[in-house]
Amino acid sequence: MDAFPTERDTGGIVMGRGFISRGFRGRRRQPEAASERMPPGQYLVDGFPVLSAGPTPRTPLSEWSFSIQGEVDGPKTWSWEEFRALPSETITRDIHCVTKWSKLDTIWEGVSVDTLLEGVETAAGYVLAFSDGGYTTNLPLEEVTGGKAWVAHTYEGEPLSPEHGGPARLLVPHLYFWKSAKWVRGLKLMNGDEPGFWESLGYHNHGDPWREQRYWGD
Amino acid sequence: MTEVAAAPRRLAWQIGEVVETSPETPRTKSLFLEVPSWRGHTAGQHVDVRLTAEDGYQAQRSYSIASAPENGRVELLVERLDDGEVSPYLTDELQTGDGIELRGPIGGWFAWDAAEGGPLLLVAGGSGIAPLTAMVRHRKAAGSDIPVRLLNSSRSYEEIIFREELERLAAGDETLEVIHTLTRSRPDGWKGYGRRIDEEMLREVAYPPEERPLAFVCGPTPLVETVATALVGLGHDPARVKTERFGPTGG
Amino acid sequence: MDEQRLDGNAAAGVLAEIFTFEVTTARAACVRCGATGEVGAQMAYVTEIGTVVRCSSCDNPLIRVVHQNEGPQRYWLDLRGIEYLQLQQRQ
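Criteria and thresholds
- Residues numbered from 1 in each chain as written.
- Chains lettered and ligands numbered in written order.
- Predicted model: local features only at pLDDT ≥ 70, side-chain atom pairs only at ≥ 80, totals over all residues.
- Helix = DSSP H or I, 4+ residues; strand = E, 2+ residues; numbered from the N terminus.
- Rg over C-alpha atoms; globule rule 2.2 N^0.38 Å.
- Buried ≥ 20, exposed ≤ 12 C-beta atoms within 10 Å, placed from the backbone.
- Contact = placed C-beta atoms within 7 Å.
- Nonpolar A, V, L, I, M, F, W, Y, C, P; charged D, E, K, R; others polar.
- pLDDT = per-residue confidence, 0-100.
- Expected span 1.5 Å × (residues − 1).
- Domains from an automatic or database assignment.
- Pairing = 2+ DSSP bridges.
- Axes fitted to C-alpha atoms, helices over the stretch in contact; angles between N-to-C directions.
- Core = buried A, V, L, I, M, F, W, Y, C linked by C-beta atoms within 7 Å.

## Re the overall build of chain C
In step 1: A count of helical and extended segments in chain C gives one helix and eight strands.
In step 2: Written out in order from the N terminus, the α and β elements of chain C read β-α-β-β-β-β-β-β-β.
In step 3: Computed over C-alpha atoms, the radius of gyration of chain C comes to 13 Å, within 12% of the 12 Å expected from 2.2 N^0.38 for 91 residues, which places it in the range of a compact globule.
In step 4: With the C-alpha coordinates of chain C rotated into their principal frame, the extents come out at 40 × 40 × 20 Å.
In step 5: Sorting the 91 residues of chain C into buried and exposed places 48% on the buried side.

And the structure:
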């Protein structure tokens, strides 16, 4: 099984294999008008792929809560009703998965992380987002503040479905989408960086699609 | 060159040649492959098929091997999913003479060799019949008379995969029973089951738990979970119920 | 019904890229709940981002695999969820 680089395609190296399946194109499409919005190595998809690392949690809304905890003066918790009573924004963003699919102009509604952190006193530099089912992902605090991140509850005008992370998921569209933790239940503020579920197993600690930071050492 | 003493090595991709294709039902097709360095398989195992486009884009799916190990050719049963990425290529585009990249055989857990005994309870939904057909074919090729009951769920009579062959095998062998259930439509005069498999049907069809059958259940996830739960509920040993979920739609 | 949940056997292909023995028939003990069973009888989540095999009793991740299928061609393997693996000696 030999792999060799063949050609550069929008900035990334496309690895060619020895064997090509005659007549196979695959599902992706790459309209020219969008190409400057596409990070290196990505392609467009029509659907919204679901990639899961575990069973889909089914937490009843009556038991759901979201919390800010860790290195903070006053931890905060919201019930679902309290969370939904917070000001929500509608945002349209492109999203990019490390497995190379992208979707442009996806429409979400959610509460800005800035809103959730209002009044929170902290010297922490990092957050660990944690979810039902045990999934975690880590980010520098500055990557989820300043209008860069939301806890999203609505996708394309409908309540976020469980398979896509509902009732609420973290949304950090400027980084690879594994950082947009599905079924998020809170943010833990930390002084030190702690790699999350995928970051501890080969995926890049930061995950910037424009610098193609997919794996360790990229 | 044959391998000596099965020296362990990691699974590698191989190129097989499509030597024949054969439509089975309106939505399914059998692909017959010659794979030069094929090491043989155990009935129930599967292969991974990998498609590569000219720019290097790849898609990969698993397909059960429908052929018996005694048969030198590798037969894959492909169900064409309308919104699929791989199956429409395999059923619509791939032709005799084309190469296909695959690796296998894979998965020793969901596998049966006649030497393991029985009785065998096989429960299939749709294209889940593929690995179970490999078991039935292997049993015949091995000359085994281990009792087998195959309960096969299909949407309609026309969509029963391998129907003629299974009927032929069962007609000539009193130790092989094939029981069909048709879930969406039935031909006039149909006297068989006409609903999704449930615990009541399994109570009527399955061997009693005291006979300690080996059960293999394969098909769409909802069917597999219903059947596995029901079999355990009827008293079958969970360790003797093996499942192969195909996911929501089968494949 | 979870669409992505498959049998442990579905992870056999990825595991066969790394191990030379048949992993699905090996017995694994879960480090979290102590349940033992063949790897093939556990639950597998197999996607392009990675493969996770979880204990069918408590969902604890038994095996996690990431494969970088380009560039340096690396695998990352986490077996911390398994207390021990019991294998039959090859005949």
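## Considering the interface of chain C and chain B
In step 1: The interface of chain C with chain B comprises 19 residues on the first partner and 20 residues on the second.
In step 2: Where the side of chain C that touches chain B is concerned, the elements lending two or more residues are strand S1 (6-7) and helix H1 (12-18) of chain C.
In step 3: If you tally residues by element for the side of chain C that touches chain B, the top one is H1 of chain C, at five residues.
In step 4: Looking at the side of chain C that touches chain B residue by residue, the classes come out as seven nonpolar, seven polar and five charged.

## Some remarks on the confidence of the model for chain B
In step 1: Scored by pLDDT, chain B comes out at a mean of 94, with 96% of its residues at no less than 70.
In step 2: Long-range and interchain partners of residues 1-5 of chain B, a stretch whose pLDDT sits below 50, account for zero contacts in this model, where long-range means more than four residues apart.

## Observations regarding the environment of Thr20 of chain C
In step 1: Position of Thr20 of chain C relative to the elements: it lies in the loop between H1 and strand S2 (27-30).
In step 2: Distance in space between the C-alpha atoms of Thr20 of chain C and Gly34 of chain C is 26 Å, their sequence separation being 14 residues.

## What to know about the environment of Arg245 of chain B
In step 1: Assignment of secondary structure puts Arg245 of chain B in strand S11 (residues 241-245).
In step 2: On a C-alpha basis, the gap between Arg245 of chain B and Leu223 of chain B in space is 8.6 Å, while along the polypeptide they are 22 residues apart.
In step 3: Apart from residues no more than four positions distant in its own chain, Arg245 of chain B is found in contact with Thr221 and Val224 of chain B together with Leu6 and Asp7 of chain C.

## Considering helix H2 (residues 129-141) of chain B
Side chains three or four residues apart in an α-helix point the same way, a direct result of the helix having 3.6 residues per turn.
Residues and elements named next belong to chain B.
In step 1: Over its 13 residues, H2 runs 18 Å from end to end, which matches the ideal 18 Å to within 8%, given 1.5 Å per residue.
In step 2: Counting buried residues along H2, 11 of its 13 residues qualify, which places the element largely inside the surrounding structure.
In step 3: Of all the positions in H2, only Ile129, Ala130, Pro131, Leu132, Thr133, Ala134, Met135, Val136, Arg137, His138 and Arg139 are classed as buried.
In step 4: Two residues or fewer past H2, Gly143 is found with a positive phi of approximately 70°.

## Quick look at the domain arrangement of chain B
Residue and element names in this part refer to chain B.
In step 1: Domain annotation for chain B reports domain 1 (14-106) and domain 2 (114-245).
In step 2: Once you take the C-alpha centre of each, domain 1 and domain 2 turn out to be 24 Å apart.
In step 3: The set of elements that each furnish at least two residues to the side of domain 1 that touches domain 2 consists of strand S1 (14-25) and strand S5 (74-79).
In step 4: Residues that form the side of domain 1 that touches domain 2 fall into these classes: seven nonpolar, six polar and four charged.

## Structural notes on the pairing of strand S5 (residues 76-79) of chain A
In step 1: Relative to S5 of chain A, strand S4 (residues 65-70) of chain A is paired through four bridges, and the arrangement is antiparallel. Residue pairing across strands places Ser67 of chain A opposite Thr77 of chain A, the latter belonging to S5 of chain A.

## Let's talk about the sheet that holds strand S7 (residues 120-125) of chain B
Residues and elements named next belong to chain B.
In step 1: Judged by pairing direction, the sheet is parallel, and its five strands sit side by side in the order S9-S8-S7-S10-S11 without closing on themselves. Across the chains shown, the open sheet's two edge strands, defined by having one partner strand only, are strand S9 (176-182) and S11. The sheet shows a mean angle of 10° between the axes of neighbouring strands, direction not considered.
In step 2: Inspection of the sheet shows strand S10 (residues 214-219) paired to S11 by five bridges, in the parallel sense. Each residue of the ladder has a partner; that of Cys218, found in S11, is Glu244.

## Some points on the environment of Val14 of chain C
Residues and elements named next belong to chain C.
In step 1: Within the secondary structure, Val14 is located in helix H1.
In step 2: Take Val14: there are 24 C-beta atoms within 10 Å of it, and that puts it in the buried class.
In step 3: For the pair Val14 and Gly50, spaced 36 residues apart in sequence, the C-alpha to C-alpha distance is 9.3 Å.
In step 4: Residues contacting Val14, with those up to four places away along its chain left out, are Val46, Thr51, Val65 and His67.

## Overview of the nonpolar core
One recurring pattern in soluble globular proteins: nonpolar side chains tend to sit buried together.
In step 1: Residues Val151 of chain A together with Leu76, Leu122, Phe216 and Val227 of chain B are the most contacted members of the largest nonpolar core, which totals 125 residues.
In step 2: Taken domain by domain, the makeup of this core includes at least three residues from each of domain 1 (14-106) and domain 2 (114-245) of chain B.
In step 3: Setting aside anything within four residues of it in sequence, one finds Phe216 of chain B in contact with Gly44, Phe110, Trp112, Leu122, Leu132, Met135 and Lys242 of chain B.

## Description of the sheet that holds strand S9 (residues 136-140) of chain A
All names here are of chain A.
In step 1: Strand order in the open sheet formed by five strands is S5-S4-S13-S8-S9, with mixed pairing between adjacent strands. The sheet terminates laterally at S5 and S9, the two strands that pair on one side only. Each neighbouring strand pair of the sheet contributes to a mean axis angle of 15°, computed without reference to strand direction.
In step 2: Examined bridge by bridge, strand S8 (residues 126-131) and strand S13 (residues 184-190) share six bridges and lie antiparallel to one another. Counted as the bridge partner of Leu128 is Lys188 from S13.

## Brief notes about the pairing of S10 of chain B
Residue and element names in this part refer to chain B.
In step 1: The buried count for S10 comes to six of six residues, which makes it a mostly enclosed element.
In step 2: Along S10, one buried face is formed by Leu214, Phe216 and Cys218 and the opposite face, lined by Ala215, Val217 and Gly219, is buried too.
In step 3: Where S7 lies against S10, five bridges are found, and the strand directions are parallel. Looking across to S10, one finds that Val123 is bridged to Val217.

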